[in-house]
There are 2 protein chains.
Amino acid sequence: MQLDERKYLILQAIIDDYINTAVPVGSRTISRKAGVSCSPATIRNEMSDLEELGYLDQPHTSAGRVPSNKAYRLYVDHLLKATKLSSDERERIQDHLLSRSKQVESVIRSAAEVLSDATKYTSVIVAPKLGTLRIRHVQLVPVADRTALMVIVTNAGIVKDAVIRVPDGLDADDLYSISRVLTQRLADKPLEAVRQTFSDLLRNADQSRKLLGETLAVIERKLEAGGDASDVIVGGSSRFLEYPEYSDVNKARNFLSVLESRDRLRKLVSGNGDMEVTIRIGPENHAPELSDCSIVTASYRVGDRSTGTLGIIGPTRMNYNRVISVLDFMGRALSDILSEYK
Amino acid sequence: MQLDERKYLILQAIIDDYINTAVPVGSRTISRKAGVSCSPATIRNEMSDLEELGYLDQPHTSAGRVPSNKAYRLYVDHLLKATKLSSDERERIQDHLLSRSKQVESVIRSAAEVLSDATKYTSVIVAPKLGTLRIRHVQLVPVADRTALMVIVTNAGIVKDAVIRVPDGLDADDLYSISRVLTQRLADKPLEAVRQTFSDLLRNADQSRKLLGETLAVIERKLEAGGDASDVIVGGSSRFLEYPEYSDVNKARNFLSVLESRDRLRKLVSGNGDMEVTIRIGPENHAPELSDCSIVTASYRVGDRSTGTLGIIGPTRMNYNRVISVLDFMGRALSDILSEYK
DNA sequence: CGTTAGCACTCATTAGTGTCGAGTGCTAAC
DNA sequence: GTTAGCACTCGACACTAATGAGTGCTAACG
């Protein structure tokens, strides 16, 4: 049996309705809808067919139908046309992202919030590996005796700053000249190649040797931070409580526990790196706890090559249309903001 | 009727038990406890007295007793002696706080996490007004064409950084000399007095005039940020789900909505500024939605005079003992870390 | 032959009922 | 003043019946 025009229409109507209400949808409901003009009885026949084809599930006899994962898959693959965000909304998002200082981390944090606000689902953003960014500038700013703020600027803007200990007796001017040397030596090297430059720099001795060593150590640590927990940022972590599928406390706790394990979360969300929006419905994401969730992800780019992932986690009946539009737009917006400094 | 020794003992036992189990406690439970050696019947008589005195409530006849708000009040005022944290634990907390770079905001963010981890309740930290901090150093770091990172260092360490636009044609050395001028002019002034220095600085014209104006504008904006939403930081915002009192979805949603309105939250948590731990039980915090919650707060100090608040929100039957110990310690630890640069 | 109305059937939901047991209050004895 | 005993209360839980939304099937209709 093949899906004809009307079956598509009915399936679409069922999915739309179920996304909004989370209640199994009956034949009457559909027949009342504009666009389909036949009686409930006819709809029932069609529904029966759709069920046989595996697109609908029936929680129990005499309940309405619920879209199956296969239906969602069909829906996102064929039935769905992404709608553009209104220019109003685009502006609101961009404003929000720009309002923060342009450091990678705070932009991402703020993006996670915006993403969750715009979609009403929980958002997850994985920060990119920063190794391929090229250092443009290193500068030390005095903070107190023997303490300085090290700012590393790359071609994607300010990537990291860290407070480090410096040898005694260095004043602001000393730190500045040291900064110049550091910048000279490190400029244009990718962050991940800094380790190789290490021995070169150490040979260039004198009083700043200790400082150089320490600075390099910090840079190395920062690079490794790419693999640590802080690079997965969750926005709207309690949004899911708004949805009836989680009114069971156990399911809610379950969901939460996934959010709390940043490692698992990173694996679940991390995408393949291209800019396309990818959708994993129910069991397609390989986490038993999330077998009734969908994960939608997109990518963003920092600098030339590094990519990060931004995503949404919600019930399988999520509003894919909306989510895809927002993710697509935000992926681009993030890339633009984080790669502004070409 | 007065409270004698034994009544105190029994009340304490009831509160302790209820804090742990959240189940109304019966006379048998108490009589089995060490420290009280009489039969359930006797306990019942005492309980009956305590109820009449307003220290216990009975959800319904033939349920156990539940401590009233008045009981909690008595408990925290008289029955409770704060236990010191184990040195092990103190170390763990301090490590965690120190592991981040020493910027005020990230320390606070990290503190909110630690606080929530250590107590198992939701934590709230209100950032201090930074106006009384004294500027020690201002430095501009080039980020890209016409873009610079402005770092403001105060006597409490790095307070704020922001990316600002600068006039065209300034290289790193130009920015450095401008930084020196800025530092010279602004050094030792409290952040809040910067506005007054404004006209002085503008008179000192030449090519950096525009930059100065802009820099000052940014500083001013940063100062005002003291009144904006980003200065209330919540840790463990979904912790409350672990407690049976919130297994009702509506209560949970209710609680969440309070957490989400940062303005209300600030008002609810903000303390009187002295370092004492203050406790508001149930209706004592003037929020109808939180009439079955307690809020425990302490203060921390940044620099000489600014104070911020750190607090815990949880069910009235919260583990006050533990919470007070942690808050007390963390208040001090935070103050130490944020005022390190004297 | 596709569409529709009618009707019997299913089953989750809800309200109502009965039982169980933890816990109390009271009374009388120690 | 303390304790044991006993009747009583009331939530929790299990079971039952009534309700109604929704289906599947069949027969009639255009």
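Data block above holds the structure.
So, here's what we can say about the structure. (Residues numbered from 1 in each chain as written. Chains lettered and ligands numbered in written order. Predicted model: local features only at pLDDT ≥ 70, side-chain atom pairs only at ≥ 80, totals over all residues. Heavy atoms only, no water.)

### A few points about the protein's contact with DNA strand D
Part 1 of the reasoning: Contacts to DNA strand D come from 19 residues, most closely from Ser27 of chain A together with Arg6, Thr42, Thr61 and Ser62 of chain B.
Part 2 of the reasoning: Per the 4 Å cut-off to the protein, sugar and phosphate atoms form 75% of the nearby atoms of DNA strand D.
Part 3 of the reasoning: At 2.6 Å, a side-chain N or O of Ser27 of chain A approaches a phosphate oxygen of DNA strand D.
Part 4 of the reasoning: For the surface near DNA strand D, the secondary structure elements donating two or more residues are α3 (40-52) of chain A together with α3 (40-52) of chain B.
Part 5 of the reasoning: When residues in the surface near DNA strand D are grouped by element, the largest group, 4 residues, is from α3 of chain B.
Part 6 of the reasoning: Residue classes in the surface near DNA strand D are distributed as 4 nonpolar, 11 polar and 4 charged. (Near = heavy atom within 4 Å. Polar contact = N/O pair within 3.5 Å; in protein donor to acceptor, adjacent residues only side chain to side chain. Helix = DSSP H or I, 4+ residues; strand = E, 2+ residues; numbered from the N terminus. Nonpolar A, V, L, I, M, F, W, Y, C, P; charged D, E, K, R; others polar.)

### Overview of the protein's contact with DNA strand C
Part 1 of the reasoning: In the vicinity of DNA strand C, 19 residues are found, and the nearest of them are Arg6, Thr42, Thr61 and Ser62 of chain A together with Ser27 of chain B.
Part 2 of the reasoning: Near the protein, meaning within 4 Å, the atoms of DNA strand C are sugar or phosphate in a fraction of 73%, with bases accounting for the rest.
Part 3 of the reasoning: One of the side-chain N or O atoms of Thr61 of chain A is found 2.6 Å from a phosphate oxygen in DNA strand C.
Part 4 of the reasoning: Contacts to DNA strand C include Ser27 of chain B, whose side-chain N or O atom sits 2.5 Å from a phosphate oxygen.
Part 5 of the reasoning: Within the residue set of the surface near DNA strand C, elements represented by two or more residues are α3 of chain A together with α3 of chain B.
Part 6 of the reasoning: The element contributing the most residues to the surface near DNA strand C is α3 of chain A, with 4 residues.

### So, the pairing of strand β9 (residues 293-302) of chain B
Residue and element names in this part refer to chain B.
Part 1 of the reasoning: β9 sits mainly inside the fold: 9 of its 10 residues count as buried.
Part 2 of the reasoning: Relative to β9, strand β8 (residues 278-281) is paired through 4 bridges, and the arrangement is antiparallel. Opposite Arg280, over in β9, you have Ile295 as the bridge partner.
Part 3 of the reasoning: Relative to strand β10 (residues 306-315), β9 runs antiparallel, the two being bridged by 10 bridges. Counterpart to Val302 in the pairing with β10 is Ser306. (Buried < 20%, exposed > 50% of the residue type's maximum accessible area, 1.4 Å probe, protein only. Pairing = 2+ DSSP bridges.)

### Details of the interface of chain B and chain A
Part 1 of the reasoning: Opposite the 38 residues of chain B that make contact, chain A presents 37 residues.
Part 2 of the reasoning: For the pair chain B and chain A, the summed buried area comes to about 3,200 Å², and 59% of that belongs to carbon and sulfur atoms.
Part 3 of the reasoning: By the criterion of area lost to chain A, the three top residues of chain B are Val143, Tyr176 and Leu241 of chain B, representing 17% of everything that side buries.
Part 4 of the reasoning: Between Arg180 of chain B and Asp173 of chain A there is a salt bridge, and its shortest N-O distance comes to 3.1 Å.
Part 5 of the reasoning: At the boundary of chain B and chain A, one finds 10 residue pairs in polar contact (both at pLDDT 80 or more).
Part 6 of the reasoning: Those elements that provide at least two residues to the side of chain B that touches chain A are β4 (135-144), β5 (147-154), β6 (157-165), α7 (172-186) and α10 (249-260) of chain B.
Part 7 of the reasoning: Top element by residues in the side of chain B that touches chain A is β4 of chain B. It accounts for 8 residues.
Part 8 of the reasoning: Looking at the side of chain B that touches chain A residue by residue, the classes come out as 19 nonpolar, 9 polar and 10 charged. (Contact = heavy atoms within 4.5 Å. Buried area = accessible area lost by both parts, 1.4 Å probe. Salt bridge = Lys/Arg side-chain N within 4 Å of Asp/Glu carboxyl O.)

### Describing unusual backbone geometry
Most peptide bonds are trans, and most residues other than glycine sit at a negative phi.
Part 1 of the reasoning: In the Ramachandran plot, Ala22 of chain A falls in the positive-phi region, its phi being about 65° despite a non-glycine side chain.
Part 2 of the reasoning: Along the chain, the position of Ala22 of chain A falls in the loop between α1 (5-21) and α2 (27-32).
Part 3 of the reasoning: Classification of Ala22 of chain A by relative accessible area gives buried; the value is 18%.
Part 4 of the reasoning: A positive phi angle, near 65°, is found at Ser62 of chain B, a position not held by glycine.
Part 5 of the reasoning: Along the polypeptide, Ser62 of chain B turns up in the loop between β1 (56-57) and β2 (66-67).

### Topic: the relation of the copies chain B and chain A
Part 1 of the reasoning: Between the two copies, chain B and chain A, the superposition gives an RMSD of 0.1 Å; the rotation angle is 179° and the shift along the axis is 0.0 Å. Classification of the inter-copy transformation places it as that of a two-fold axis. When C-alpha distances to the rotation axis are compared across chain B, the minimum falls at Ser238 of chain B, with a value of 3.2 Å.
Part 2 of the reasoning: Taken as a fraction of all interface residues of chain B, those also at the interface in chain A reach 97%, which identifies the copy contact as same-surface. (Least-squares fit on C-alpha atoms with pLDDT ≥ 70 in both.)

### Concerning helix α7 (residues 172-186) of chain A
Residue and element names in this part refer to chain A.
Part 1 of the reasoning: A rise of 1.5 Å per residue sets the reference length of α7, with its 15 residues, at 21 Å; its end C-alpha atoms lie 21 Å apart and thus fit the reference within 8%.
Part 2 of the reasoning: Residues Leu175, Tyr176, Ile178, Ser179, Leu182, Thr183 and Leu186 constitute the buried set of α7. Down the axis of α7, the buried side of the element spans an arc of 165°, and every buried residue falls inside it.
Part 3 of the reasoning: A side-chain oxygen of the first residue of α7 lies 3.0 Å from the backbone nitrogen of Asp173; this N-cap is Asp171.
Part 4 of the reasoning: Two residues or fewer after α7 comes Asp188, characterised by a positive phi angle close to 75°. (Expected span 1.5 Å × (residues − 1). Arc of directions from axis to C-beta.)

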